[in-house]
Amino acid sequence: MKFLDRLKGNKEPNFFELLTQQSVVVNKGMKLLYEYCVTHDEKIADAVIKAEDEGDMVRRILIDEINKTFITPIDREDLFRLSAQLDEILDYAKTSVDEIRFFGVIPDQEMTEITATLVEMTEHIILAVSNIERHRAIARDEAIYVKGLENKVGDSNIRALATLFDDDNHSKIFKYREIYRHLNQTADIGDEAMDTLLKILVKM
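Criteria and cut-off values
- Residues numbered from 1 in each chain as written.
- Predicted model: local features only at pLDDT ≥ 70, side-chain atom pairs only at ≥ 80, totals over all residues.
- Heavy atoms only, no water.
- UniProt positions renumbered as here; feature names shortened; annotations may be inferred.
- Helix = DSSP H or I, 4+ residues; strand = E, 2+ residues; numbered from the N terminus.
- Rg over C-alpha atoms; globule rule 2.2 N^0.38 Å.
- Buried < 20%, exposed > 50% of the residue type's maximum accessible area, 1.4 Å probe, protein only.
- Contact = heavy atoms within 4.5 Å.
- Areas by Shrake-Rupley, 256 points an atom, 1.4 Å probe, with all protein chains shown as cover.
- Lys, Arg positive; Asp, Glu negative; His and termini not counted.
- Charge placed at Lys NZ, Arg CZ, Asp CG, Glu CD.
- pLDDT = per-residue confidence, 0-100.
- Salt bridge = Lys/Arg side-chain N within 4 Å of Asp/Glu carboxyl O.
- Phe/Tyr/Trp six-rings, centres within 6.5 Å; stacked < 30°, edge-to-face > 60°.
- Lys NZ or Arg CZ within 6 Å of the ring centre and 35° of its normal.

The name an unreviewed UniProt entry assigns to the protein chain is DUF47 family protein, from the organism Candidatus Stercoripulliclostridium merdipullorum. According to the UniProt record, the Sequence similarities (unreviewed entry) comment for the protein chain reads "Belongs to the UPF0111 family."

The following block contains the structure:
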C-alpha cells in the first residue's frame with residue numbers, strides 16, 4: 001500500500017512520518033537528477049518534475065494536518081520551516097532540470113560530481129529526519145554530517161567555476177555558471193534544513 005493511501009486511514013497525523021516521507025521523496029528527486037546528468041535521458045528529466053509534484057503533495061498534506069492539529073509534537077513554526085526547506089531542495093532539483101533544458105546545456109562531469117554529493121546529502125537527511133523522534137543522538141550526528149557535505153559541494157563548485165572560466169565562450173560560461181549556482185544553493189538549503197533540525201532537537 002502506498003504511503004499516501006495509508007495516511008487516509010490514520011486518525012492521528014504522524015508528523016515524524018510525514019517529514020520522513022518528504023525526505024524520501026527529496027532523495028528520490030535528487031537521485032533522478034544525478035541519473036539525468038549521467039545519461040542525458042529526457043524521460044528521467046520528466047521523472048524529476050514528477051518527483052517534485054509528489055513532494056508538493058506530501059507537503060500539502062503535512063500543512064493541512066498542522067492546521068487541523070491543536071498540539072503538535074514539534075513546535076509548529078519549526079515543523080513548517082523544516083518542511084518548507086525540504087521542499088525547497090526538491091524545487092531546486094526541478095529548477096536545475098528546467099535550466100539545463102532552457103539553456104540547451106549538456107550536463108558535464110562537474111555537474112555530475114556535485115549532484116552525486118547532493119544525493120549523499122539527501123540520503124543522510126533521511127537518516128537525520130527519521131531519527132528525530134526516537135534516536136536524537138543519531139539525528140544530530142547525521143545532521144552534522146550533512147552540514148559537512150555542504151562544504152564539499154561548495155569546494156566542488158569553486159573548482160567547476162575555475163575550469164569553466166578558462167573557456168573563451170562567454171555564452172557557455174553564463175549558462176553553466178547559473179546551473180552550478182543553483183546546485184550550490186541546493187546544498188545551502190540542505191545545510192539550513194539541518195540547522196532547523198538541530199534547533200528542534202534542542203527544544204525536545
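This is not the end of the story, as more comes after the structure.
Colleague: Can you break down the overall build of the protein chain residue by residue, with the values?
Modeller: A count of helical and extended segments in the protein chain gives seven helices and zero strands. Starting at the N terminus and ending at the C terminus, the protein chain contains elements arranged as α-α-α-α-α-α-α. In summary, the protein chain has a C-alpha radius of gyration of 18 Å against a globular reference of 17 Å for 204 residues, a match within 12%. Each of the three principal axes of the protein chain carries a C-alpha extent, and together these read 60 × 35 × 25 Å. When each of the 204 residues of the protein chain is scored for burial, the buried share is 50%. The long-range share in the protein chain, meaning contacts at least 24 apart out of those at least 6 apart in sequence, stands at 80%. Only carbon and sulfur atoms are counted for the fraction: they give 52% of the accessible area of the protein chain, which is about 10,400 Å². One way to put it: in the protein chain the 27 positive side-chain charges average out to a point 5 Å from where the 39 negative ones average out.

Colleague: Can you lay out the confidence of the model for the protein chain for me, pointing to particular residues and giving the numbers?
Modeller: Per-residue pLDDT for the protein chain has a mean of 91; in total, 95% of the residues score no lower than 70. The secondary structure element of the protein chain with the lowest average pLDDT is helix α1 (residues 3-8), at 48, and the one with the highest is helix α5 (residues 109-130), at 97. Taken together, the stretch residues 3-9 has pLDDT below 50 and engages in ten contacts with residues farther than four places along the chain or on a different chain.

Colleague: Explain the pattern of salt bridges residue by residue, including any values.
Modeller: Scanning the entire structure with this criterion turns up twelve salt bridges. Taking the shortest distance from any N to any O, the salt bridge between Asp 46 and Arg 101 comes out at 2.7 Å. In this pair, Asp 46 sits in helix α3 (residues 42-68) while Arg 101 sits in helix α4 (residues 76-103), placing the two residues 55 residues apart along the sequence. On the basis of relative accessible area, Asp 46 is assigned to the partly exposed category, the value being 35%. Under the relative-accessibility criterion, Arg 101 is labelled partly exposed at 34%.

Colleague: Describe the packing of aromatic side chains, and please don't skip the residues or the numbers.
Modeller: Aromatic ring pairs are described here by two measures, namely the spacing of the ring centres and the angle between the planes. Taken as a whole and assessed by the stated rule, the structure comprises three aromatic pairs. Residues Phe 102 and Phe 103 carry aromatic rings whose centres are separated by 5.4 Å and whose planes lie at 65 degrees to one another, so their mutual orientation is edge-to-face. On the basis of relative accessibility, which here comes to 68%, the residue Phe 102 falls in the exposed class. Assessed through its relative accessible area of 17%, Phe 103 is described here as buried. Pairwise contacts between aromatic rings join Phe 102, Phe 103 and Phe 174 into one cluster. Here the guanidinium or amino end of Arg 59 rests over the ring plane of Phe 80, the centre of that ring lying 4.7 Å away.

Colleague: Would you mind going over unusual backbone geometry in detail, with residue names and values included?
Modeller: The backbone phi angle of His 40 is positive, close to 60 degrees, even though this residue is not glycine. With respect to the helices and strands, His 40 occurs in the loop between α2 (15-39) and α3.

Colleague: So, the side chain of Gln 85: which residues are in play, and what are the values?
Modeller: By the secondary structure assignment, Gln 85 is in helix α4. On the basis of relative accessibility, which here comes to 10%, the residue Gln 85 falls in the buried class. In this structure, Gln 85 is in contact with Ile 189, Glu 192, Ala 193 and Thr 196, ignoring residues within four places of it in sequence.

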